[in-house]
Amino acid sequence: MALLNFRKRDAGAAAPAPVNPQVEAFLKGYSIEVMPRTAEKVDTFRDLLPEGTRVYIAHIEGTPIDDMVATAARLAREGYPVMPHFPARIIRDQATLADWIARYQGEAGVEQALLLAGGVDKPHGSFDSSMQLLESGEFDKAGFKRLHVAGHPEGNKDIDPDGSMKNVEEALRWKQKFSERTDAQMALATQFAFDAKPIIAWADNLREAGITLPIHIGIAGPAKLQTLIKFAIACGVGPSLKVLQKRAMDVSKLLLPYEPTEVLTDLAAHKAANPDFNIESVHFFPLGGIKTNATWAIEHGGTSTVPANAS
């Protein structure tokens, strides 16, 4: 019988890689996105996410509002601030919007939201854009403390079919002005990208244009390469898609899962060298699964990513 309960290390096991302190700092306060059906697969988020992690709930067309509110309430009970999506094109009218807000507040204590047009070609009712949701006054009336809107580092062909950034940039200027007349904190939550250079250039261009909304940069979590390419094409990710295509051509990497190590290391280094860089936070899209994404963050984020139940 052993006197001390030390676990014998496997002779072939590699020691954990040291944490990059810049990445550790950059991941502090990260957020993550779930859907009701993906959240159901998690026994408790407190085993995976740090205390206070903001959890977005994506509202996909066809998802009942009952499921959305129930997921929000479950996350709130576990101690996480919830930010549900409000996709304008699936909200029929102002009465429906007010009802959703009241339900989220009454059943889950929600006080923040991501407002976006939504990936639907034909609006279900009177709303077509996130700007109309903001102008409705319902979020201010309900006293929401934080409102995020969408950002597109590589453009959005639904908004600019000609491949330009004209309409996207006009919308951002409008949202910047709106942020100056609301009491709610606002930020840009962006689509995911895979290359730091276009992200940095986009963020710098926004600042030069007078758009100072903080950026919560979208990052795809670890996933199979084929899965990421499928999502990237569907979501209109542009220049940085070449990063995935180049990887797919490398036979040695083709079967290995993609991990966001390189893009986050580059962004973290840029932030460390430029403290006023406008990216405030990382927002994960867990395309390969919530547990997989959270595990990667725990392994690379040091003290910034310790789960609530382990702290």
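The following refers to the structure shown. (Residues numbered from 1 in each chain as written. Predicted model: local features only at pLDDT ≥ 70, side-chain atom pairs only at ≥ 80, totals over all residues. Heavy atoms only, no water.)

Some thoughts on the overall build of the chain
Piece 1. A count of helical and extended segments in the chain gives 13 helices and 8 strands.
Piece 2. Relative to its full complement of 311 residues, the chain shows a buried share of 46%.
Piece 3. For the chain, the share of sequence-separated contacts (at least 6 apart) that also reach a separation of at least 24 residues comes to 79%. (Helix = DSSP H or I, 4+ residues; strand = E, 2+ residues; numbered from the N terminus. Buried < 20%, exposed > 50% of the residue type's maximum accessible area, 1.4 Å probe, protein only. Contact = heavy atoms within 4.5 Å.)

Digging into the pattern of salt bridges
Piece 1. By the definition in use, this model includes 7 salt bridges.
Piece 2. Notably, a salt bridge pairs Asp 66 with Arg 103, separated by 2.7 Å at the nearest N-O pair. Of this pair, Asp 66 sits in helix α3 (residues 65-77) while Arg 103 is found in helix α4 (residues 94-108), placing the two residues 37 residues apart along the sequence.
Piece 3. Take Asp 66: its relative accessible area is 44%, and that puts it in the partly exposed class.
Piece 4. For Lys 145, the salt bridge goes to Glu 111, with nearest N and O atoms at 3.6 Å. Taken together, the residues span a long stretch of sequence, with Lys 145 in the loop between α6 (138-141) and β5 (146-151) and Glu 111 in the loop between α4 and β4 (112-116) at a distance of 34 residues.
Piece 5. With relative accessibility at 35%, the residue Glu 111 sits in the partly exposed group. (Salt bridge = Lys/Arg side-chain N within 4 Å of Asp/Glu carboxyl O.)

Observations regarding the nonpolar core
Piece 1. Among the nonpolar cores identified, the biggest contains 79 residues, and Phe 86, Phe 139, Leu 267 and Phe 284 are the most heavily contacted of them.
Piece 2. Aside from chain neighbours lying at most four places away, what touches Phe 139 is Phe 86, Leu 97, Ile 101, Ala 113, Leu 115, Leu 133, Phe 144 and Leu 147. (Core = buried A, V, L, I, M, F, W, Y, C linked by side-chain atoms within 4.5 Å.)

Overview of α4
Piece 1. For α4, spanning 15 residues, the distance from its first C-alpha to its last is 21 Å, which sits close to the expected 21 Å at 1.5 Å a residue.
Piece 2. Burial in α4 covers these residues: Leu 97, Trp 100, Ile 101, Tyr 104 and Ala 108. Viewed end-on, α4 has its buried residues packed into an arc of 95°, placing them on one side of the element. For α4, the exposed residues set more than 90 degrees away from the buried face come down to Ala 95 and Gly 106.
Piece 3. Contacts from the buried residues of α4 go to α3, β3 (82-87), α5 (130-135) and α6. (Expected span 1.5 Å × (residues − 1). Arc of directions from axis to C-beta.)

Re the packing of aromatic side chains
Between two aromatic rings, the relevant description is the distance of the centres plus the angle of the planes.
Piece 1. Scanning the model with the defined rule gives 10 aromatic pairs in all.
Piece 2. For the pair Phe 86 and Tyr 104, a centre-to-centre distance of 5.6 Å together with 65° between the ring planes defines the contact as edge-to-face. Placement of the pair is Phe 86 in strand β3 and Tyr 104 in helix α4, with a sequence separation of 18 residues.
Piece 3. Classification of Tyr 104 as buried rests on a relative accessible area of 0%.
Piece 4. Ring geometry for Phe 139 versus Phe 144: centroids 5.4 Å apart, planes at 80°, classification edge-to-face.
Piece 5. Its relative accessible area of 3% is what places Phe 139 among the buried residues. (Phe/Tyr/Trp six-rings, centres within 6.5 Å; stacked < 30°, edge-to-face > 60°.)

Looking at the pairing of strand β6 (residues 185-192)
Piece 1. Taking burial as the measure, the 8 residues of β6 include 6 buried ones, the bulk of the element.
Piece 2. Of the strand pairs in this sheet, β5 and β6 are connected by 6 bridges, and their pairing is parallel. Opposite Val 149, over in β6, you have Leu 188 as the bridge partner.
Piece 3. Relative to strand β7 (residues 215-220), β6 runs parallel, the two sharing 3 bridges. Looking at the pairing, Leu 188 lines up with Ile 215 of β7. (Pairing = 2+ DSSP bridges.)

As for α3
Every α-helix carries 3.6 residues per turn, so stepping three or four residues along brings you back to the same face.
Piece 1. Here α3 spans 18 Å end to end across 13 residues, near enough to the 18 Å set by a 1.5 Å rise per residue.
Piece 2. All of the buried residues along α3 are Ile 65, Met 68, Val 69, Thr 71, Ala 72, Ala 73, Arg 74 and Leu 75.
Piece 3. The secondary structure elements touched by the buried residues of α3 are β1 (31-34), α2 (36-39), β2 (55-57), β3 and α4.
Piece 4. Residue Gly 79 follows α3 closely and has a positive phi angle near 100°.

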